[in-house]
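Letter by letter, the chains look like this.
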Amino acid sequence: MKRKNTWNFYGKKELEEIESLSEEYRDFLNAGKTERECIKRILFQAEKQGYKNLEEIQKQGIVLRPGDKIYVSHMEKAAALFHIGAKPLEEGMNILGAHVDSPRIDVKQVPLFEDSGLAYLDTHYYGGIKHYQWLGIPLALHGIVAKTDGTTVNICIGESDEEEVFVLTDLLPHLGKDIEEKKQKEFIDAEKMDLLIGNRAINQKEIEKRSSVKTAILEILEQKFQIKEEDFLSAELEIVPAGKARECGLDKSMILGYGQDDRSCSFAALQAILNCMEVQRTACALFVDKEEIGSVGATGMHSRFFENAVQVLTEFTKSSHIADKNRILQNSYMLSCDVSAAYDPMYAEYFERQNSAYLSGGVVLNKYTGSGGKAGANDANAEYVAKIRGCFEKNQVIYQTAELGAVDRGGGGTIAYIMASYGMDIIDCGIGVLNMHAPWEVSSKADLYEMNKGYLAFLEEMK
Ligand code: MN
Ligand code: MN
């Protein structure tokens, strides 16, 4: 088996396409740094291309026909797009499913406090992070505050050059002798990862009067956002790295950006469904939340919202009298669109060379994930893997296969095993990422291009 470097296979036309795709991709990453922002962006693009809300279809009692484009949105954190195919629904759909949440640090419900003249927001991290990576870097605050009067306030602070940013402070090396001997986990107590947000003790209303730093911060919150301290109780505020996704490397071959797990696959899945022409089997792109914490909750893959959406779909398509949601799902094909850890020569001992994903090695197929003897894995059926290989080869999609790291080095899971429980054929398919789960992750522009091609071929051609 010879490994390919995808860059060897491109002519002028492809290279131009790669550049414009990567520009759109960076734009997508910058617009969606939380699950809500990401879903908003996805639905904005979908509506622009004629996708209609399924709720509207329901209200108007419209019968869906081949070529119709609809979407379902759930709590503004999950969504599904459907492009109705020529074949009856019960023959199954071709589904691309990605997640839109990424590791980050969340603000607690009662977060604000002052210590030694410094104001902080208390936090609780979300997903698998290495704590130390988040110290001493510029951070932005994104999210919403829901108020008791039914209104919500959108918050996004720290993304433009003029705006203020925030920081989790680190200890200077001069005093860090005993810390250096500690294990990574003990290095910083997660309870001490509190966001520094202020230090000025003046009363904003009566500028000559002194106040506490906390009071001053509360006044700013009131003035700028019309929120009170109690409103944090019903807020979802996420701390993410501040700044835009950038081109990376002297050859500009890579992208450095936050949240590429899994917004690289979300982007490609969206592109694929928006670009697919006439489809035989109904095409679906599914975007879910909470994957990083086990796919739980109302907006995670374990939620029935997708199943319910498929049920509604059956009621509004012509063949509704025989369609059954479980049969449709069992007859479906799915790519669980998620990233893979790319082989990193700096950490070679954690990988097994032959079964690793390589950066710019093309789109990655992970037959199985899991850990410690494949525990918790969806292990895709060999016949299905062959079918996908055939589809990719026919469409000149450069692909590679991989496991997540060497055996017994750890592991992980995706949404694949959850959807597999419907009895459908499903395999993990995404791109290799370096620096995964770090504030800034690295991907290859060429892999993104191959993933786009692969997802489109899957939607249009899997029969
Ligand atoms: Mn992921
Ligand atoms: Mn992840």
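Reading guide: rules and limits
- Within each chain, residue numbers correspond to sequence positions counted from 1 in written order.
- Here every chain gets a letter starting at A, and every ligand a number starting at 1, in the order they are written.
- Only residues with pLDDT of at least 70 get local features here, since the model is predicted, and only at 80 or more are side-chain atom pairs given and counted; chain-wide, interface and lining totals rely on the full set of residues.
- Where side-chain values are given, they derive from all heavy atoms of the structure, hydrogens and water being excluded.
- Coordinating N, O and S atoms are those within 2.8 Å of the metal (3.2 Å for Na, K and Ca), and as water is not part of the atoms, a site may appear to have fewer donors than expected.
- Like charges within 9 Å and nonpolar side chains (Val, Leu, Ile, Met, Phe, Trp, Tyr) within 5 Å are joined into patches, using only residues over 30% in relative accessible area that form no salt bridge.
- We get accessible surface area from the Shrake-Rupley algorithm with a probe of 1.4 Å; when it comes to residues, only the shown protein chains can shield them.
- Salt bridge, as used here: a side-chain nitrogen of Lys or Arg that lies within 4 Å of a carboxyl oxygen of Asp or Glu.
- Labels follow the DSSP assignment, with helices taken as runs of H or I lasting at least four residues and strands as runs of E lasting at least two, numbered in each case from the N terminus.
- Partly exposed residues are those whose accessible area sits between 20% and 50% of the maximum for their type, while under 20% is buried and over 50% is exposed, using a 1.4 Å probe and protein chains only.
- Any two residues whose heavy atoms approach within 4.5 Å at even a single point are treated as in contact.
- Interaxial angle, 0 to 180 degrees, is taken between N-to-C directions of lines fitted to C-alpha atoms, where a helix line uses only the stretch in contact.
- For classification purposes, angles smaller than 35 degrees are called roughly parallel, those larger than 145 roughly antiparallel, those between 65 and 115 roughly perpendicular, and all remaining angles oblique.
- A clockwise turn of the near helix away from the far one marks a right-handed crossing, whereas an anticlockwise turn of less than a right angle marks a left-handed crossing.
- When residues are grouped by polarity, Ala, Val, Leu, Ile, Met, Phe, Trp, Tyr, Cys and Pro land in nonpolar, Asp, Glu, Lys and Arg in charged, and all others, Gly among them, in polar.
- Here the rule is simple: two strands pair whenever DSSP picks up at least two bridges between them.

*Asks:* I'd like a description of the coordination of the manganese ion (ligand 1), backed by residues and values.
*Replies:* Listed as protein donors to the manganese ion (ligand 1) are His-99 (NE2), Asp-261 (OD), Asp-338 (OD) and Asp-338 (OD); their distances from the metal cover 2.2 to 2.6 Å. Positions of the donor residues of the manganese ion (ligand 1) along the chain correspond to the pattern H-x161-D-x76-D.

*Asks:* Which residues make up a nonpolar patch on the surface, and what values do they have?
*Replies:* A cluster of nonpolar side chains, Leu-171, Leu-172 and Leu-175, forms an exposed patch at the surface whose accessible area comes to about 270 Å². One can find Leu-172 in the loop between strand E8 (152-157) and helix H4 (177-180).

*Asks:* Describe the pattern of salt bridges, naming the residues involved and giving the relevant values.
*Replies:* By the definition in use, this model includes 28 salt bridges. The closest approach of N and O atoms between Arg-36 and Glu-236, which form a salt bridge, is 2.9 Å. Placement of Arg-36 in helix H2 (residues 35-48) and of Glu-236 in strand E10 (residues 235-241) is noted, with a sequence separation of 200 residues between them. One salt bridge in this structure joins Asp-379 and Lys-367, with 2.7 Å as the shortest N-O distance.

*Asks:* Pulling in residues and values, what's your account of the coordination of the manganese ion (ligand 2)?
*Replies:* Every protein donor of the manganese ion (ligand 2) is listed here as Asp-261 (OD), Glu-292 (OE), Glu-292 (OE) and His-437 (NE2), and their distances to the metal cover 2.1 to 2.5 Å. Every donor residue of the manganese ion (ligand 2) comes from the same chain, spaced as D-x30-E-x144-H. Separating the manganese ion (ligand 2) from the manganese ion (ligand 1) is a gap of 3.4 Å, bridged by Asp-261, which donates to each. Here Glu-292, found in the loop between strand E13 (282-288) and helix H8 (305-315), pairs with His-437, found in the loop between strand E21 (432-433) and strand E22 (441-444); they are 145 residues apart in sequence, far enough to count as distant. Looking at Glu-292, the relative accessible area reads 14%, which means it is buried.

*Asks:* Please set out unusual backbone geometry residue by residue, giving values where relevant.
*Replies:* Geometrically, the link from Asp-261 to Asp-262 is a cis peptide bond, its omega value of 15 degrees lying close to zero. Summarising the element assignment, Asp-262 is placed in helix H7 (residues 260-275). Phi at Asn-435 is positive, roughly 70 degrees, even though this residue is not glycine. Relative to the helices and strands, Asn-435 resides in the loop between E21 and E22.

*Asks:* How would you explain the side chain of Asp-122 if you had to name every residue and give the values?
*Replies:* Here Asp-122 shows up in strand E6 (residues 118-126). Residues within four places of Asp-122 in sequence aside, it is in contact with Asp-106, Val-107, Lys-108, Val-110, Pro-111, Phe-113, Glu-191 and Asp-194.

*Asks:* How would you summarise the packing of helix H1 (residues 12-31) against H7 if you had to cite specific residues and measurements?
*Replies:* The contact between H1 and H7 brings their axes to 10 Å, and the two run at 120 degrees. On the basis of their axis angle, the class for H1 and H7 is oblique. With respect to the hand of their crossing, H1 and H7 are arranged in right-handed fashion. For the pair H1 and H7, the contacting residues are Leu-21, Glu-24, Tyr-25, Phe-28 and Leu-29 in the first and Gln-260, Arg-263, Ser-264, Ser-266, Phe-267, Leu-270 and Gln-271 in the second. Here the residues of the contact of H1 with H7 sort into six nonpolar, four polar and two charged.

*Asks:* Give me the sheet that holds strand E5 (residues 104-115): which residues, what numbers.
*Replies:* Spatially, E8-E7-E10-E5-E6-E9 is the arrangement adopted by the six strands of the open sheet, whose pairing is antiparallel. Either end of the sheet is taken by a strand with one partner, and the two such strands are E8 and strand E9 (195-198). Across the sheet, the axes of successive neighbouring strands diverge by a mean angle of 30 degrees, strand direction being ignored. Alignment of E5 against E10, held across two bridges, turns out to be antiparallel. Residue pairing across strands places Asp-106 opposite Glu-238, the latter belonging to E10. In the packing of helix H6 (residues 213-225) onto the sheet, the strands contacted are E5, E6, E8 and E9, and the crossing angle to E5 comes to about 130 degrees.

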